[in-house]
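Structural features, examined
The lines below spell out each chain.
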Amino acid sequence: MIRFIAYVDPSTGSFALQAAVGAVMGVSFMVRNHVKGFISKFRKPRPGKPNDIE
Amino acid sequence: MTLNSPAGGRDSSSFRDDWGFVFWKNGQIYRQVNEAGGEAYRKLMTGGLYEALTQRGLLVKHEEAGEPAGDGAVVVLKPELLDWVTYPYEWAFSQLKDAALTTLRIQKLAMKHGMSLRDASAYNIQFAEGRPVFIDTLSFEPYREGEPWVAYRQFCQHFLAPLALMSRVDLGLSRLLQVHIDGIPLPLAARLLPLKDRLNFGMATHISLHAKFQRQHEGTAEKPKAAMNVTSLQGLIDSLERTVKALKLPKTKTEWGDYYDNTNYSDSSLDQKRSLVSDFLAQVKPKRVLDLGANDGSFSRIAAGQGALVMSSDIDPLAVESNYLQMKARHETKLIPLLVDLTNPSPALGWANHERQSFSARAKADAALALALIHHLAIASNVPLGHVAEYFASLAPHLVIEFVPKSDSQVQRLLATREDIFPDYTPEGFEAAFGRYFEIVRKQAVTGSARMLYLMRRKRDEV
């Protein structure tokens, strides 16, 4: 069961906004990741440069 | 995790969470985990997240400390002590930005380990060894598929709204965090931001639209119909991260932002002043130093170079920003840059005025530096020399202070447009006022100027 409560007031408005825009952000995130992955195939590795993707 | 309020008993800032609380015993801080938080705590420890976070220096380390202390306790933790506590309204723009990005990085790592942050308070971040670190071990809960991020509103109020206002309106608006202890209300932030920010997807969504949704759903308990799957949640965190990263410091010039480019010191005088400050500090060997009016931290670094931990404070947000950015670039670990107006330092705030301590209660050190500061307090702000001496004596037993006489061009500038109502502002008047609280250990003129540098020791009966 999905909880909509928290010990700090999360506000129903915040939940509603997440429900409204979550799908768009999810798709945008996936597309960005695919594009990043695609570009990285053609990039030369830079020694000493940390990978910023956790 | 702090050296504050070590007198014993429950920490005055720890009362909102039913999963546990922080308490003091014999000068050591402990965190009690209650039954309600036991399952989440075990998952944090056994699921690999604690290790992942502490290895990266993102979460304060702890050890489990023997027997539980009270009713309902599952375990008692003994966290590593932090040296100084600072609050978000005392941070420069980039400090708050780094704290925000650290919180999001922690949330991303938590999600990889099947957990999620259940709050995103800026007060959960402290600066230690030159970097932001998360201090609330009980902020993690198991992630449940479909649930929205319960800390989303708090993140936007504590981090995104103040950063946006500092970046797009005025750097000084970080002080709004002092008025709104649970973050800047989003409807207020939305009203204050320029209209053009409504064209920016991140700002429009996380602040303006967020505020609108809050207004629309105010007072209702209606549950949203759609669930947040894990990709949507990752997308939300990614969008917040990109929005925060895109916020830059506005191109503004503040009064003291380029102080060291405009001093009336020659290079040799400045070198001699540095050498004197270094000698004075070496004589005292302080472990903790409070640099008052530190500007970009040039002299704080002399103390840090001698091994002291330095709280490097200044009234100017750009100077503190510059100090922090230098500290980051050089990987310095002994400085804590801080935005403090000494004529109005951070007060005690929150519930019963006990939740957040005042600057004066936290700023205890072995030595204080007050270089090129006295004229700003005594002349620009009309604070009598005796008041300054008394306050400085309350902060540290040793004081390195520079007296800037009326003949100095910086003082002349202050007096150019106002009546000179400071007959006691003389070397003799200065020594008499400070002599009530301190004895003068050393005194030396800064060559090439009329300024005088003093090393003082607090008198025993004036502690």
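Parameters at a glance
- Residues numbered from 1 in each chain as written.
- Chains lettered and ligands numbered in written order.
- Predicted model: local features only at pLDDT ≥ 70, side-chain atom pairs only at ≥ 80, totals over all residues.
- Axes fitted to C-alpha atoms, helices over the stretch in contact; angles between N-to-C directions.
- Helix = DSSP H or I, 4+ residues; strand = E, 2+ residues; numbered from the N terminus.
- Parallel < 35°, antiparallel > 145°, perpendicular 65-115°, else oblique.
- Left-handed = near helix turned anticlockwise from the far one by under 90°.
- Contact = placed C-beta atoms within 7 Å.
- Nonpolar A, V, L, I, M, F, W, Y, C, P; charged D, E, K, R; others polar.
- Buried ≥ 20, exposed ≤ 12 C-beta atoms within 10 Å, placed from the backbone.
- Bend = angle between axes of the 7 residues up to and from the residue.
- Domains from an automatic or database assignment.
- Core = buried A, V, L, I, M, F, W, Y, C linked by C-beta atoms within 7 Å.
- Pairing = 2+ DSSP bridges.

**Some words on the packing of helix α3 (residues 93–112) of chain B against helix α8 (residues 230–246) of chain B**
Residue and element names in this part refer to chain B. Between α3 and α8, the least distance of the axes is 10 Å, while the angle of their chain directions is 160°. When the axis of α3 is compared with that of α8, the two are roughly antiparallel. In the packing of α3 onto α8, the handedness of the crossing is left-handed. Each of Lys97, Ala100, Leu101, Leu104, Gln107, Lys108 and Met111 in α3 lies in contact with α8, whose residues at this interface are Leu233, Gln234, Ile237, Leu240, Glu241 and Val244. For the contact of α3 with α8, a count of residues per class yields 8 nonpolar, 2 polar and 3 charged.

**Let's talk about the environment of Ser358(B)**
Residues and elements named next belong to chain B. Structurally, the position occupied by Ser358 is in the loop between β12 (335–339) and α12 (359–362). Look at Ser358 and you get partly exposed, because 13 C-beta atoms sit within 10 Å. Considering only alpha carbons, one finds Ser358 and Glu241, 117 residues apart in sequence, at a separation of 31 Å. Excluding its chain neighbours within four sequence positions, the residues that come into contact with Ser358 are Pro345, Ser346, Pro347 and Ala348.

**Brief notes about helix α4 (residues 152–168) of chain B**
At Leu160(B), α4(B) shows its maximal bend, which comes to roughly 35°, and the proline Pro162(B) appears one to four places after that position. The buried fraction of α4(B) is high, at 16 of 17 residues.

**Re the domain arrangement of chain B**
All names here are of chain B. Domain assignment breaks chain B into domain 1 (1–250) and domain 2 (259–462). For domain 1 and domain 2, the distance between their C-alpha centroids amounts to 33 Å. With 23 residues of domain 1 at the contact, the number on the domain 2 side is 25 residues.

**Here we look at the nonpolar core**
Generally speaking, soluble globular proteins have nonpolar side chains that are buried together. Residue and element names in this part refer to chain B. Ranked by internal contacts, the top residues of the largest apolar core, which has 145 residues, are Leu160, Ala164, Ile207, Ala368, Ala370 and Leu399. Of all the elements, α4 adds the most residues to this core, at 10 residues. Here this core gathers at least three residues from each of two domains, domain 1 (1–250) and domain 2 (259–462). Among all residues touching Leu399, those that are not within four sequence positions of it are Ala367, Ala368, Ala370, Phe392, Phe438 and Met456.

**What about the sheet that holds strand β3 (residues 28–34) of chain B?**
Residues and elements named next belong to chain B. If you walk across this open sheet you meet the 5 strands as β1-β2-β3-β5-β4, and the pairing is antiparallel. Two strands close off the open sheet at either side, each with one partner strand: β1 (9–10) and β4 (62–64). Sheet topology places β4 next to strand β5 (residues 73–79); 3 bridges connect them, and they run antiparallel. Looking at the pairing, His62 lines up with Pro79 of β5. Across the face of the sheet, helix α1 (residues 35–46) comes into contact with β2 (20–25), β3 and β5 while running at roughly 100° to β3.

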